[in-house]
Amino acid sequence: MKYQFSFRNISQKFTRPVITNHGVWEIRESVIIRLVDMTGKVSWGEIAPISWFGSETLEEALDFCHQLPREITSEIIFDIPNQLPACQFGFESALENLQENHESLNYHHLNFSGLLPAGKAALNQWQNLWKQGYKTFKWKIGVNDITEELAILNLLIDQLPESAKLRLDANGGLDDNAAKLWLEKCDNFPNQIEFIEQPLPVDKFSEMLELSNYYSTKIALDESVATLQQLENCYQQGWRSIFVIKPGIVGSPSRLRKFCQQHQIDVVFSSVFETAIGRQAALKLAAELSSNNRAVGFGINHYFTGSIPNV
Ligand SMILES: O=C(O)CCC(=O)C1=CC=C[C@@H](O)[C@@H]1C(=O)O
Ligand SMILES: [Mg+2]
């Protein structure tokens, strides 16, 4: 089967920059691809790299698209190399959309987690997310001084309703001592703190494995399992706590499905700040593969002016 292929680079400005230990992220660029089959059916895909997580860069994705012929086949799509995981996701989900009608898609049973801004801004942001129905919130740590952040955590815990859940994401920005301080602190709030995400850098796997066996607060790997190779690797090395999966950069959806069906892993699906095109494809996977009823990290619409554009 041959498909007419075209693509374009788009960018969206965050209304509120995403501030993490990686730095300040102001503009989200991605590549929207379009496939048209022989019957004239059109489908869309999105390539939304996060190179500092270990996916390809936007430039590498654009170079890949530029060197493709105007007419491509499913063989070309399934041959996309593992060094281009965001391209694998974008092309394969566009192909899937041609083969299935995604109207049947329903992810209304999913719970969503709302992303809070880093620092004390979180204290006046959670209320309107709560009013929108969010019961789970994620807050970035490892951005400001630890004493200040621990104090803000106390205020957040005091303010949040009993039934609310809080996730802390350090983006690998803590050192061993700080990670232990945070875990000790969180062990005092077993009902409110759901997990700490990527407390240590990617190269500290064995330290995180040890911490996950010592503290009761769960640890979720994110940057450590950004691509399918890393996901399989951490599983092989014994990780059985939480895996954050960002479908937009993990790689081939069919290979991800196979891995999640082979291994009953505790998984949290997470956004890569994609548009509605990538979001629909990612939430389809989350609806199929989510486990333990964990909220999906796609409560990010308030990070873009208005709603995310339907390109
Ligand atoms: O996972 C979520 O709840 C929302 C998405 C999110 O937090 C992130 C998306 C992309 C890069 C990072 O800034 C951040 C993360 O580390 O999980
Ligand atoms: Mg994260």
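Residues numbered from 1 in each chain as written. Chains lettered and ligands numbered in written order. Predicted model: local features only at pLDDT ≥ 70, side-chain atom pairs only at ≥ 80, totals over all residues. Heavy atoms only, no water.

Colleague: Just checking my understanding: could you explain the coordination of the magnesium ion (ligand 2) for this structure?
Modeller: Ideal geometry at a metal gives 109.5 degrees between four tetrahedral donors and either 90 or 180 degrees between six octahedral ones. Note on the magnesium ion (ligand 2): its protein donors are D169 (OD), E197 (OE) and D222 (OD). The metal-donor distances range over 2.0 to 2.2 Å. When the donors of the magnesium ion (ligand 2) are listed by position in the chain, the intervening gaps give D-x27-E-x24-D. Linking D169 in strand β7 (residues 165–169) with D222 in the loop between β9 (218–221) and α8 (228–236), this pair joins segments that are 53 residues apart in sequence. (Donors = N, O, S within 2.8 Å, 3.2 Å for Na, K, Ca; no water. Helix = DSSP H or I, 4+ residues; strand = E, 2+ residues; numbered from the N terminus.)

Colleague: Whenever I open this one, the site of ligand 1 confuses me. Can you help?
Modeller: Of all residues adjacent to ligand 1, which total 17 residues, the nearest are K138, D169, N171, K246 and S270. Contacts to ligand 1 include D169, whose side-chain N or O atom sits 3.0 Å from an oxygen atom. For ligand 1, the protein covers 98% of the area, taking 390 Å² as the surface of the free molecule. The set of elements that each furnish at least two residues to the shell around ligand 1 consists of β1 (2–20) and β6 (136–140). (Near = heavy atom within 4 Å. Polar contact = N/O pair within 3.5 Å; in protein donor to acceptor, adjacent residues only side chain to side chain. Areas by Shrake-Rupley, 256 points an atom, 1.4 Å probe, with all protein chains shown as cover.)

Colleague: How should the environment of A121 be read in this particular structure?
Modeller: Within the fold, A121 resides in the loop between β5 (112–116) and α4 (126–131). Once the C-alpha coordinates of A121 and H66 are considered, the two residues, 55 residues apart in sequence, prove to be 42 Å apart.

Colleague: Can you help me understand the UniProt feature "binding site: Mg(2+)" (unreviewed entry) in the protein in this one?
Modeller: As recorded in UniProt, the sites labelled "binding site: Mg(2+)" (unreviewed entry) are D169, E197 and D222. The greatest C-alpha distance among the annotated residues, which extend across 54 residues, is 9.1 Å, indicating that they converge on a single site. Overall, D169 belongs to the buried group, its relative accessible area being 1%. Non-local contacts of D169, meaning those with residues more than four positions away in its chain, are made with K138, W139, K140, I141, E197 and D222. Mapped onto the fold, E197 is located in strand β8 (residues 193–197). (UniProt positions renumbered as here; feature names shortened; annotations may be inferred. Buried < 20%, exposed > 50% of the residue type's maximum accessible area, 1.4 Å probe, protein only. Contact = heavy atoms within 4.5 Å.)

Colleague: Could you clarify how one ought to interpret unusual backbone geometry in this entry?
Modeller: Keep in mind that most residues, glycine aside, have a negative phi and that most peptide bonds are trans. If you check the backbone angles, Q198 has positive phi at about 40 degrees while not being a glycine. Position of Q198 relative to the elements: it lies in the loop between β8 and α7 (205–214).

Colleague: Sorry, what's going on with the packing of aromatic side chains here?
Modeller: Where two aromatic rings form a pair, the distance of their centres and the angle of their planes describe that pair. For the structure on display, the rule yields 15 aromatic pairs. Considering the side-chain rings of F14 and W25, the 5.2 Å spacing of their centres and the 75 degrees angle between planes classify their relative orientation as edge-to-face. Residue F14 is found in strand β1, and its partner W25 is found in strand β2 (residues 23–36); the two are separated by eleven residues along the sequence. Neither residue differs from the other here; F14 and W25 are each classed as buried. For the ring pair F64 and F91, a centre distance of 5.8 Å and an interplane angle of 90 degrees mean the geometry is edge-to-face. With F64 in helix α1 (residues 58–67) and F91 in helix α3 (residues 85–99), the pair connects residues that are 27 residues apart, well separated along the chain. Like F91, F64 is buried. Each member of the aromatic cluster is reached from another via a ring pair, and the members are F14, W25, W52, F273, Y303 and F304. Taking NZ or CZ as reference, R16 lies 5.7 Å from the ring centre of Y303, over its face. (Phe/Tyr/Trp six-rings, centres within 6.5 Å; stacked < 30°, edge-to-face > 60°. Lys NZ or Arg CZ within 6 Å of the ring centre and 35° of its normal.)

Colleague: How do you make sense of the sheet that holds strand β3 (residues 42–47) when you look at a structure like this?
Modeller: The strands making up a sheet associate through backbone hydrogen bonding, with each pair oriented either parallel or antiparallel. Spatially, four strands are ordered β3-β2-β1-β4 in an open sheet, and the strand pairing comes out antiparallel. With partners counted over all chains shown, the strands left at the sheet margins are β3 and β4 (71–73), one partner each. In this sheet, adjacent strand axes meet at a mean angle of 45 degrees when their direction is disregarded. With three bridges joining them, β1 and β4 adopt antiparallel strand pairing. In the strand pairing of β4, Y3 is matched with I72. (Pairing = 2+ DSSP bridges. Axes fitted to C-alpha atoms, helices over the stretch in contact; angles between N-to-C directions.)

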